[in-house]
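Inside the fold
Residues per chain are reported as follows:
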Amino acid sequence: MKIQYDIQFKPELQQNAWEQLKQFTDARIALGRVGGSLPTRPALEFQLAHAQAKDAVLKILDVQAMMEKLSHLQTDLLHIYSCAEDKDQYLKRPDLGRELSETSRQSLQHYHAGHAAEYDVVIVAGDGLSARAIEDNAPHFIEKLQQCCIDEGWSVAPVVIATGSRVALGDEVAQILNAKMLVMLIGERPGLSSPDSMGIYYTWNACKGCHDAMRNCISNVRPAGLSELIALQRLMTLMKKSRQLQLSGVKLKDEHEMMVESQFSGQEKRIF
């Protein structure tokens, strides 16, 4: 029998030929190798990213801190809960995260009864699968969004902070508060390079039982992803068009245009 020798790798660090491409992406490419294994640094970085993603999912939303960050806004702040009683139940029973708890439902109904009004916009900030994303990104975004809505002459409902929330939780909130436009800010499922990613879901005439085809989504809003400015511009473009057509979802297209300067020609180009 002929002996087959194992492949012998060089023991020193071997750089990957794609090393220069790492500056353009957070994806784990061109990690290199030492012998037949991953180098120590990228191995430790992977473990850290995994821990950050797990922490983002399990973190409990600091509602008091959110309230303090939003306290300077000229609006009431409401706190609601879903039917998911704790994080473990929230993760195992997604359906419970879509339902308002009876206490929260009655609280919203009581508020609306004492402030009988019809609103143009309601903003709901829910923890979702990353409370960190909401704590880091939502307060400043809500402030800017509220001002943009006021500038458009739209009436804005109280800001609602939701615990144990899925996207659909905001639908009944909009229905109870009688708001035409629902903006649901929610923590997205963390990736291994994006534990702080916030998603924006917009729905016209939201009500309990709405399906996903009735929503428009803007995702990956965070400092290392889609910038707050561009996200706000896209959202306002959608909202203005939605108000005009009185619809949202698959029938409403994102027509936001962004001007950028080409690094090659020095000329501005329009990107849709």
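Before reading on, note that the structure itself is shown above.
The structure reproduced in this document is the subject of the present report. Just so it is clear, the model here is predicted, and its values are computed rather than measured.

**Considering the packing of aromatic side chains**
- If you walk through the whole model with that rule in mind, you get zero aromatic pairs.
- Note that arginine 166 overlies the ring of tyrosine 90, its terminal NZ or CZ placed 4.2 Å from the centroid.

**Regarding unusual backbone geometry**
- Phi is positive for alanine 30, which is not a glycine, with a value near 50°.
- Secondary-structure assignment places alanine 30 in the loop between β1 (13–14) and β2 (33–34).

**What to know about helix α7 (residues 228–245)**
- The end-to-end C-alpha distance of α7 is 26 Å, a good match for the 26 Å that 18 residues give at a rise of 1.5 Å each.
- Regarding α7, the residues found buried are Ile230, Ala231, Leu232, Leu235, Met236, Leu238, Met239 and Ser242.

**Things to note about the environment of glutamine 233**
- Of note, glutamine 233 is situated in helix α7.
- Taking the C-alpha atoms as reference, glutamine 233 lies 9.6 Å from cysteine 148; in sequence the two are 85 residues apart.

**Examining the pairing of strand β4 (residues 119–126)**
- Here β4 lies mainly inside the structure; eight of its eight residues are buried.
- Of the strand pairs in this sheet, β4 and strand β6 (residues 179–187) are connected by seven bridges, and their pairing is parallel. Its bridge partner lying in β6, valine 121 is registered against methionine 181.
- By the bridge criterion, three bridges tie β4 to strand β5 (residues 159–163) in an arrangement that is parallel. Its bridge partner being in β5, glycine 126 is matched across the sheet by alanine 162.
- A crossover links β4 with its parallel partner β5, the connecting element being helix α5 (residues 131–151), and its sense is right-handed.

What counts as what
- Residues numbered from 1 in each chain as written.
- Predicted model: local features only at pLDDT ≥ 70, side-chain atom pairs only at ≥ 80, totals over all residues.
- Heavy atoms only, no water.
- Phe/Tyr/Trp six-rings, centres within 6.5 Å; stacked < 30°, edge-to-face > 60°.
- Lys NZ or Arg CZ within 6 Å of the ring centre and 35° of its normal.
- Helix = DSSP H or I, 4+ residues; strand = E, 2+ residues; numbered from the N terminus.
- Expected span 1.5 Å × (residues − 1).
- Buried < 20%, exposed > 50% of the residue type's maximum accessible area, 1.4 Å probe, protein only.
- Pairing = 2+ DSSP bridges.
- Right-handed = clockwise from strand over helix to strand, strands pointing away.

Purely spatial values, then, with no claim about function.
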